Amino acid sequence: MTSYRLVVPADLVRRPAITDLVWGTTEDRSSFLSDIRPNGSGFLLSDPMALDLVRVALAVYLVDRTAPRPPSDWQRELALEVPVSEPQAWNDRAAGLAGLLDFMTGDRWEVTFRSDPSAPTRFSAVQEFDRVCLFSGGADSFVGATRARQDVD
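A surface patch of nonpolar side chains, amounting to about 370 Å² of accessible area, comprises Leu100, Phe103 and Met104. Following the sequence through the fold, Phe103 ends up in helix α3 (residues 94–105).

Another point: the pattern of salt bridges. Here the structure, examined in full by the defined rule, presents six salt bridges. When the shortest N-O distance is used, the salt bridge between Arg76 and Asp107 registers 2.6 Å. Of the two residues, Arg76 is situated in the loop between α1 (48–66) and β3 (77–84) and Asp107 in the loop between α3 and β4 (108–115); the sequence distance between them amounts to 31 residues. Judged by its relative accessible area of 4%, Arg76 falls in the buried class. According to the relative accessible area criterion, Asp107 is buried, its value standing at 2%. Of the charged contacts, one joins Arg108 and Glu77 as a salt bridge, the two residues approaching to 3.0 Å between their closest N and O atoms. In this pair, Arg108 is assigned in strand β4 and Glu77 in strand β3, connecting sequence segments 31 residues apart. What you see here is one network of salt bridges that share partners, running through Asp64, Arg69, Arg76 and Asp107.

Most often, soluble globular proteins keep nonpolar side chains buried together rather than apart. By size, the foremost hydrophobic cluster in this structure holds 26 residues, and its most contacted members are Val56, Val63, Leu80, Val82, Trp109, Val111 and Phe113. Going through the elements one at a time, β1 (2–7), α1, β3, α3 and β4 are the ones with two or more residues in this core. When residues of this core are assigned to their parent elements, the largest contribution, seven residues, is made by α1. If we ignore the near neighbours within four places in the chain, the residues touching Val63 are Tyr4, Leu21, Arg76, Leu78, Leu80 and Trp109.

Where β1 meets β3, four bridges bridge the pair, whose relative direction is parallel. Pairing of Ser3 across the sheet is with Ala79, part of β3. Across three bridges, β1 lies against strand β2 (residues 20–22) in parallel orientation. The residue of β2 that forms the bridge with Arg5 is Asp20.

Calculation criteria
Residues numbered from 1 in each chain as written. Predicted model: local features only at pLDDT ≥ 70, side-chain atom pairs only at ≥ 80, totals over all residues. Heavy atoms only, no water. Patch = residues over 30% accessible without salt bridge, like charges linked within 9 Å, V, L, I, M, F, W, Y side chains within 5 Å. Areas by Shrake-Rupley, 256 points an atom, 1.4 Å probe, with all protein chains shown as cover. Salt bridge = Lys/Arg side-chain N within 4 Å of Asp/Glu carboxyl O. Helix = DSSP H or I, 4+ residues; strand = E, 2+ residues; numbered from the N terminus. Buried < 20%, exposed > 50% of the residue type's maximum accessible area, 1.4 Å probe, protein only. Core = buried A, V, L, I, M, F, W, Y, C linked by side-chain atoms within 4.5 Å. Contact = heavy atoms within 4.5 Å. Pairing = 2+ DSSP bridges.

This is the structure we're talking about:
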């Protein structure tokens, strides 16, 4: 299993590993370019949970785009660690997120969350849902929506 970490400036206490995805504030301290900064500035992200969601989505995208596929098998085994403002809330849902990523990418994912030392903390109520279905109009999302509806009926 290949392990990746999203690293923000507060995490840079040591030299980054080759699988660290460094989200810095300047080009020379970052693995990629983005208009959004690690603290949410540049994109009007004042809610810590919204910034957490952006971090998770960004980390998943970067890992999916950079992790090579094995020559003999299509499926990759990927582990991802992301700094978030409320790690317990995210870790409680990590298995569901990993299952979603497994389905969407055809890979095997393990996702964990750690505390972001630079994130402001606040309590937020999380609304519970049985399922969420995104429908873009493509064949794959149509099949997902159809399957979700069959599970409800």
